[in-house]
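Structure assessment
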Amino acid sequence: MNNTSANPNEYSAREKKTSRYAAYWSLAWGVSIPLGCAGVMFLPASKLFLGIFALFIHVGIGLGAIRAHIRLLETLDEMQRKIQLEAMAMALGALWVAFGSLLILHSAELIHIDSWEVALLAVLAGLGMAIGNIIGVLRHR
Amino acid sequence: MKNRLKVLRAERNWTQADLAAKLEVSRQTINAIEKGKFDPSLPLAFKAAKLFGLFIEDIFQHDAE
């Protein structure tokens, strides 16, 4: 992608800005899950209404986070983009394997899946991303 | 892929950060290219060649297999 700029430091400033936005949106998305669940469980209102409201907020923030990450990828230079894409592949792969494993174990009645196991999948995705980034940076050092 | 980026940069007294700013990439990318840990794309290689006023082949040499 062609990121032309007149200012020599504009790439660095642009990368920092889009990285910050991606981080903020990711944090907001992460927080929306426990807040939504807690709201439904503890607020004195209709669970149906609260659940749908929390769902809309969560999906809206999630879409914002997706857009922020796409913008981040567009901003990064080719090596940084390669590292991020590989980290995303690692996170996605880890999610697939973990989710498939949980389903198999649940079917075999070795475990019982509830909301906590599902929530841990989100944590696993984050960890996969972080580990993928570290591996990518170390490999190109 | 071998390259003469470090030599060409040193001839002009540029830091990695200077070269990164001129090529609109991160300093880490310049470092990785100089060490042979990352091969630049064709557009980036052309950009580097234009910056130094050289042909691509004068900067980057493909490793013989």
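My aim in this report is to walk through the structure given alongside it, one point at a time. (Residues numbered from 1 in each chain as written. Chains lettered and ligands numbered in written order. Predicted model: local features only at pLDDT ≥ 70, side-chain atom pairs only at ≥ 80, totals over all residues. Heavy atoms only, no water.)

Next up on the list: helix α4 (residues 42-52) of chain B. Inspection of α4 of chain B places L44, A45, A48, A49 and F52 of chain B among the buried residues, and these make up the whole buried set. For α4 of chain B, the angular spread of buried residues about the axis comes to 140°, placing them on one side. Exposed side chains of α4 of chain B directed beyond 90 degrees from the buried face belong to L42, P43, F46 and K50 of chain B. If you follow the buried residues of α4 of chain B, they end up packed against α3 (78-107) of chain A together with α1 (5-11), α2 (16-23), α3 (27-34), α5 (56-59) and β2 (60-61) of chain B. Trailing α4 of chain B by a residue or two, G53 of chain B shows a phi angle of about 70°, which is positive. (Buried < 20%, exposed > 50% of the residue type's maximum accessible area, 1.4 Å probe, protein only. Helix = DSSP H or I, 4+ residues; strand = E, 2+ residues; numbered from the N terminus. Arc of directions from axis to C-beta. Contact = heavy atoms within 4.5 Å.)

Attention now moves to α2 of chain B. Residues and elements named next belong to chain B. Those residues of α2 that sit buried are Q16, L19, A20, A21 and L23. Check the buried side of α2 and you find it contacts α1, α3 and α4. Two residues or fewer after α2 comes E24, characterised by a positive phi angle close to 60°.

Quick look at the interface of chain A and chain B now. With 14 residues of chain A at the contact, the number on the chain B side is 14 residues. In terms of surface lost to chain B, no three residues of chain A exceed E78, M79 and R141 of chain A, which account for 42% of the buried area on that side. Summed over the shared surface of chain A and chain B, the number is 0 salt bridges. Run the count over chain A and chain B and you get 5 residue pairs in polar contact (both at pLDDT 80 or more). (Buried area = accessible area lost by both parts, 1.4 Å probe. Salt bridge = Lys/Arg side-chain N within 4 Å of Asp/Glu carboxyl O. Polar contact = N/O pair within 3.5 Å; in protein donor to acceptor, adjacent residues only side chain to side chain.)

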